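Residue-level structural notes
Listed below are the residues making up each chain.
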Protein chains: 2
Amino acid sequence: MKSYQEMSKEELLQEQESLRAAYRAYQERGLSLDMSRGKPSAEQLELSMPMMDVLSSQTPLVSRDGLDCRNYGALDGLPEAKELLADMVGCKADNVIIYGNSSLNVMYDFISRSFTHGVMGSTPWCKLEKVKFLCPVPGYDRHFSITESFGIEMINIPMSPEGPDMDMVEKLVNGDEAVKGIWCVPKYSNPQGISYSDETVRRFAALKPAAADFRIYWDNAYCVHHLYDDAQDQLLDIFAECEKTGSSNMVYEFLSTSKISFAGAGLAAVAASADNLADIKKQLTNQSIGFDKINQLRHVLFFKDADGIAAHMKKHAASMRPKFEMILTMFDHDLKGRGVGSWCTPKGGYFITYETIEGCAKSVVQMAKEAGVVMTPAGAPFPYGKDPKDAVIRISPTYPSIADLKLATEIFIDCVKLATVEKLLEQYA
Amino acid sequence: MKSYQEMSKEELLQEQESLRAAYRAYQERGLSLDMSRGKPSAEQLELSMPMMDVLSSQTPLVSRDGLDCRNYGALDGLPEAKELLADMVGCKADNVIIYGNSSLNVMYDFISRSFTHGVMGSTPWCKLEKVKFLCPVPGYDRHFSITESFGIEMINIPMSPEGPDMDMVEKLVNGDEAVKGIWCVPKYSNPQGISYSDETVRRFAALKPAAADFRIYWDNAYCVHHLYDDAQDQLLDIFAECEKTGSSNMVYEFLSTSKISFAGAGLAAVAASADNLADIKKQLTNQSIGFDKINQLRHVLFFKDADGIAAHMKKHAASMRPKFEMILTMFDHDLKGRGVGSWCTPKGGYFITYETIEGCAKSVVQMAKEAGVVMTPAGAPFPYGKDPKDAVIRISPTYPSIADLKLATEIFIDCVKLATVEKLLEQYA
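Residues numbered from 1 in each chain as written. Chains lettered and ligands numbered in written order. Predicted model: local features only at pLDDT ≥ 70, side-chain atom pairs only at ≥ 80, totals over all residues. Heavy atoms only, no water.

Right, let's talk about the interface of chain A and chain B for a bit. Between chain A and chain B, the residue contacts involve 56 residues of the former and 56 residues of the latter. Counting across the interface, chain A meets chain B through 2 salt bridges. Among the ionic pairs, Arg70 of chain B bridges to Glu46 of chain A, the shortest N-O distance being 2.9 Å. Ranked by the residues each element gives to the side of chain A that touches chain B, the list is headed by helix 4 (residues 103-117) of chain A, at 7 residues. By residue class, the composition of the side of chain A that touches chain B is 23 nonpolar, 22 polar and 11 charged. (Contact = heavy atoms within 4.5 Å. Salt bridge = Lys/Arg side-chain N within 4 Å of Asp/Glu carboxyl O. Helix = DSSP H or I, 4+ residues; strand = E, 2+ residues; numbered from the N terminus. Nonpolar A, V, L, I, M, F, W, Y, C, P; charged D, E, K, R; others polar.)

The structure is reproduced here in structure tokens:
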């Protein structure tokens, strides 16, 4: 089949007409489909329902060291909850704090604390002329919203299949004292599903920041979110690498069970060095008397250990995999070789990233919307919502039913083709 | 019986000797008792255990408007949870946001947001030379820790049985633009158990702050925490009063079920005007995708409505009342008319406040500690931990068993007498 780039004006016009006819037919159906947010499906949520039975009025709500989980106390979490999340990610339980239900909230809180109180004795960022954050792109829109809300200048760092462009990261981090942090989703990244290579993790650990209060915001949101049993990405433990380079204070790692147990009713956690933990706890003591230990106990009793989490994640994968595979098969079948862009084939995480030819993402998303398919807004995976090439579209396959997803993908494919054709026709205008 | 002030030096020395003998006897028992923190007892926590049965794997975890509580969404809380907490305190459900497990965390967050982002468009407090907060004293130590941690200057406002000294409050709030807030526990205050009079609430509502971003931090932590069925304090609804004076934007009201259901595993909430809510939500959108709605649902199904909460609080009262009454009876019996200080007789809340003669609180707390009774540190109920008269001691009767509490109170009484005698003997030194 010819790519659109090889077509004559007449062929493109003919193609446009047939794509438009299909598009109008979709529009007339008055559909309402959603591929916009990384939410687990009802089927996935059902997997965790037995968790609602592990505690009852007959269960002693007591931690293994005898603490009454119904009362105040244990500001940094139950020891067994720390162990569960540490084992899940492969760090030490002593380096973990268990928080409430939202790791996003914790990340906001870390930026906010740095802003008001500084980092391990540094000048609070609110007293500085300029604070900069590096943002590997495409990335997670909610990360960027946090830094934007604090007026922090965000600098785009291109992603490659190995992770962020480390030449650029090293130059900026090691050379500019105003650079205070970098947002990373190191495994099955949001939205590309890229896992950082060993080389990338080692270069992170070897950074020599100009700013003593520079921190890597290592949001390991998808650490156990594999789609395949036999083809799992492996991520080096950043703390193990930092120990070798003496830079353990440089990393805050964020964890969450929102996409393991229940979205918004799971556990969030932070892993960090002893020095960082002491700094964090100094403020935490003023912030809270403690987080929900009953929910911590519930998670511990349900999952038992990291193996329990891994077994549970296989069930999630079994539910999610057909959705990812269907979309990718449809893309292969309908879009491959047509010169309409490219896409990632992730082995885990929650997203598929589609990259149109330059200048088409917004129009694809707009067209899809007008045909009843809500996508994540074009530009969202970039700081300030600005995709310099207007090309990246984040697709979230998990939430819709497979039937809805099939229809939504058909419409998306039509929109991609149509937007491409119309872009190419501009040269004749 | 003679008061100590009426005694001669010789009589005081004799009294000292007999008190010291009793004190040494307590010391020799190697006790470990705790009257330091406002924690519910295990018996009280048992009252809420049936809450652990209202949800199971067979329960549809769906809100009344059809929202799946296991998934993301409903940033400001379930409508039925808003209704429950609004009805509990007598405000409108539309004015409520349901948060996570800790109202203290929410209060910290409000100060922090004002610091970094300002209040409804005002200059962020971090950009100001000076920010001041009014602190009715004695008050809640954790309030003061928050403002202290932000470097906010705290000004003591004396409490009377009517509430804070409103002449002073009016003068400072209406006259000084640097005064941005006041910490209030308006009902069964921490630690005195004082409820603000109607006149006081009305004067609050009638404030004309010099600063547009002045806010009353109305921590209604003990709104339904009556000790007696037939002798309940009534607090005017501050929002109703503010509506009359057109000052609804002046108040943030904080609520919590930590001492209703489970301490640290309940619901926190804020009630505020529509303008304030819009301002709060602008930032909340960047902070979180939402709080734990499963726990919201659990609370709604367990309590059902405000009557359900009131009925539940009667059970708490039945458990707490004998402890309060025992201490007060012992004080009446052993301390009345001895010139050793005074105490409050609260009708609700979590504390009894004892006021020694000037200059004795620290030594009483220290003596009690050395005899195995932990009290809240003297000074804690004051900003910067400084009680100008060194007289106020906060007693928390709820957590210990009645037997432990009896013994602890006996020791406390001995320490109060001994400290007083030794203070009076200083004049002969």
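The next thing to look at is the sheet that holds strand 10 (residues 342-343) of chain B. Consider a sheet: its strands pair through backbone hydrogen bonds, and that pairing is either parallel or antiparallel. All names here are of chain B. Here 3 strands make up an open sheet; going across it, the order is 10-11-13 and the pairing antiparallel. Here the strands that pair on one side only, and so sit at the sheet edges, are strand 10 and strand 13 (392-395). Where strand 11 (residues 352-355) meets strand 13, 4 bridges bridge the pair, whose relative direction is antiparallel. Bridged to Glu355 within strand 13 is Val392. Taken strand by strand, helix 11 (residues 306-335) contacts strand 10, strand 11 and strand 13, and its axis lies near 20 degrees from that of strand 11. (Pairing = 2+ DSSP bridges. Axes fitted to C-alpha atoms, helices over the stretch in contact; angles between N-to-C directions.)

A few words on the sheet that holds strand 4 (residues 153-160) of chain B. All names here are of chain B. In spatial order, the strands read 2-9-8-7-6-3-4-5; together these 8 strands make up an open sheet with mixed pairing. In this open sheet, the two edge strands, each paired with only one partner strand, are strand 2 (96-98) and strand 5 (163-164). Pairing analysis gives 3 bridges linking strand 2 to strand 9 (residues 268-271), with the strands arranged antiparallel. Bridge pairing in strand 9 places Ile98 opposite Ala269. Strand contacts of helix 6 (residues 166-175): strand 3 (132-137), strand 4, strand 5 and strand 6 (179-184), with the helix running at about 150 degrees to strand 4, the strand carrying the most contacts. Strands in contact with helix 7 (residues 198-205) are strand 5, strand 6 and strand 7 (215-219); relative to strand 7, the strand with the most contacts, it is inclined by about 145 degrees.

Bringing the side chain of Ser3 of chain A into the picture now. By secondary structure assignment, the location of Ser3 of chain A is in the segment before helix 1 (9-28). Sequence-distant contacts of Ser3 of chain A, defined by excluding residues within four places in its chain, comprise Gly337, Arg338 and Gly339 of chain A.

Residues Phe204, Ile216 and Trp218 of chain A together with Phe204, Ile216 and Trp218 of chain B are the most contacted members of the largest nonpolar core, which totals 121 residues. Leaving out residues up to four positions away in the same chain, Phe204 of chain A has contacts with Pro164, Met166, Val169, Ile182, Cys184, Tyr196, Ile216, Trp218, Ile238 and Met250 of chain A. (Core = buried A, V, L, I, M, F, W, Y, C linked by side-chain atoms within 4.5 Å. Buried < 20%, exposed > 50% of the residue type's maximum accessible area, 1.4 Å probe, protein only.)

On to the relation of the copies chain A and chain B, then. Take chain A, turn it by 180 degrees, move it 0.0 Å along the axis, and it overlays chain B with an RMSD of 0.0 Å. The symmetry that links the two subunits is that of a two-fold axis. A high fraction, 100%, of the interface residues of chain A reappear at the interface in chain B, so the copies pair face to face through one surface. (Least-squares fit on C-alpha atoms with pLDDT ≥ 70 in both.)

The next thing to look at is the pairing of strand 6 of chain B. Each regular strand carries side chains that alternate between the two faces of the sheet. Residues and elements named next belong to chain B. Burial analysis of strand 6 places 6 of its 6 residues in the buried class, the great majority of the element. Sheet topology places strand 3 next to strand 6; 3 bridges connect them, and they run parallel. Along strand 6, the bridge assignment pairs Phe133 with Gly181. Two elements, strand 6 and strand 7, share 4 bridges in a ladder whose sense is parallel. Within the sheet, the bridge partner assigned to Trp183 lies in strand 7 and is Tyr217. For the handedness criterion, the β-α-β arrangement of strand 6, helix 7 and strand 7 is classed as right-handed. (Right-handed = clockwise from strand over helix to strand, strands pointing away.)

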